[in-house]
Amino acid sequence: MSIEEGIKLELRLEGDDVNEDALLDLMDWLERTNIDGLEEVKRKELPPARGDMGFWTDPNTIMTMISTGIAVVQVMAAVIQWQKDKKVTITPKITDSDKEMVELNSKIQAILDKMKNHQ
């Protein structure tokens, strides 16, 4: 599966402990987990607002590109391990709009919602 065919997973952080350091720490944590199928971890880019020069990054959101459904579950397991003892809630959301992936993504999203509710 090429990176263009992968699963785009958005991780939105909310809570008392959310700041630049927490976001960068989670990104580093995910990159160090060596999950097969985790292709990319980056900050979510926001479109430029009127008068801005270029893109800005969302201060609370990480985007990941994952090549397999199994890797999605492994990423979420790593996220749950990372957030222990932190006042952070992470909301996972599949953002891939590929029509062929819609049914699979809805099943994966249901699993992610269950995992989030059991954190």
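Just so it is clear, the structure is predicted and the values come from calculations on it, not from any experiment. (Residues numbered from 1 in each chain as written. Predicted model: local features only at pLDDT ≥ 70, side-chain atom pairs only at ≥ 80, totals over all residues. Heavy atoms only, no water.)

A. Structural context of the overall build of the protein. The helix and strand tally for the protein stands at three helices and four strands. What you see in the protein, going N to C, is helices and strands ordered as β-α-β-β-α-β-α. The burial tally for the protein puts 37% of its 119 residues in the buried class. Within the protein, residue pairs in contact and separated by at least 24 positions form 71% of the contacts whose partners lie at least 6 positions apart. Of the roughly 7400 Å² of accessible surface on the protein, a fraction of 51% belongs to carbon and sulfur atoms. (Helix = DSSP H or I, 4+ residues; strand = E, 2+ residues; numbered from the N terminus. Buried < 20%, exposed > 50% of the residue type's maximum accessible area, 1.4 Å probe, protein only. Contact = heavy atoms within 4.5 Å. Areas by Shrake-Rupley, 256 points an atom, 1.4 Å probe, with all protein chains shown as cover.)

B. Region of interest: the sheet that holds strand 4 (residues 89–94). Read across the open sheet, the four strands follow the order 2-3-1-4; overall the sheet is antiparallel. At either margin of the open sheet sits one strand with a lone partner, and together these are strand 2 (38–46) and strand 4. Averaged over all adjacent pairs, the angle separating strand axes in this sheet is 30 degrees, with direction ignored. With respect to the sheet, helix 1 (residues 20–32) is in contact with strand 1 (7–14), strand 2, strand 3 (56–66) and strand 4, its orientation differing from that of strand 2 by roughly 160 degrees. (Pairing = 2+ DSSP bridges. Axes fitted to C-alpha atoms, helices over the stretch in contact; angles between N-to-C directions.)

C. Representation of the environment of Gly-69 in the model. The residue Gly-69 is located in helix 2 (residues 69–82) in this model. Judged by its relative accessible area of 31%, Gly-69 falls in the partly exposed class. Placed 62 residues apart in sequence, Gly-69 and Ile-7 show a C-alpha to C-alpha distance of 7.8 Å. In this structure, Gly-69 is in contact with Ile-7 and Ile-108, ignoring residues within four places of it in sequence.

D. Representation of the packing of aromatic side chains in the model. Across all of its chains, the model carries zero aromatic pairs by this definition. Residue placement shows Lys-86 over the ring face of Trp-82; its charged tip is 4.7 Å from the ring centre. (Phe/Tyr/Trp six-rings, centres within 6.5 Å; stacked < 30°, edge-to-face > 60°. Lys NZ or Arg CZ within 6 Å of the ring centre and 35° of its normal.)

E. Fine view of the packing of helix 1 against helix 2. Two elements in contact, helix 1 and helix 2, have axes separated by 10 Å at closest approach and are oriented at 135 degrees. When the axis of helix 1 is compared with that of helix 2, the two are oblique. Where helix 1 crosses over helix 2, the two elements pack in a sense that is right-handed. Contacts between helix 1 and helix 2 involve Ala-22, Asp-25, Leu-26, Trp-29 and Leu-30 on the former and, on the latter, Val-75, Ala-78, Val-79, Gln-81 and Trp-82. Looking at the contact of helix 1 with helix 2 residue by residue, the class counts come to eight nonpolar, one polar and one charged. (Parallel < 35°, antiparallel > 145°, perpendicular 65-115°, else oblique. Left-handed = near helix turned anticlockwise from the far one by under 90°. Nonpolar A, V, L, I, M, F, W, Y, C, P; charged D, E, K, R; others polar.)

F. Up close: the pairing of strand 4. Burial along strand 4 is one-sided: the residues Ile-90, Pro-92 and Ile-94 are buried and none of Thr-89, Thr-91 and Lys-93 is. With six bridges connecting them, strand 1 and strand 4 associate as antiparallel partners. Counterpart to Arg-12 in the pairing with strand 4 is Thr-91.

G. Geometry of the environment of Thr-68. With respect to the helices and strands, Thr-68 occurs in the loop between strand 3 and helix 2. Exposure remark for Thr-68: the relative accessible area of 34% places this residue in the partly exposed category. Put simply, Thr-68 and Gly-37 are 31 residues apart on the chain and 5.8 Å apart in space, counted from C-alpha to C-alpha. The contact partners of Thr-68, leaving out residues within four places of it in the chain, are Ile-7, Asp-36 and Gly-37. Polar contacts involving the side chain of Thr-68 include one to the main-chain amide nitrogen of Ala-71, which spans 3.0 Å. (Polar contact = N/O pair within 3.5 Å; in protein donor to acceptor, adjacent residues only side chain to side chain.)

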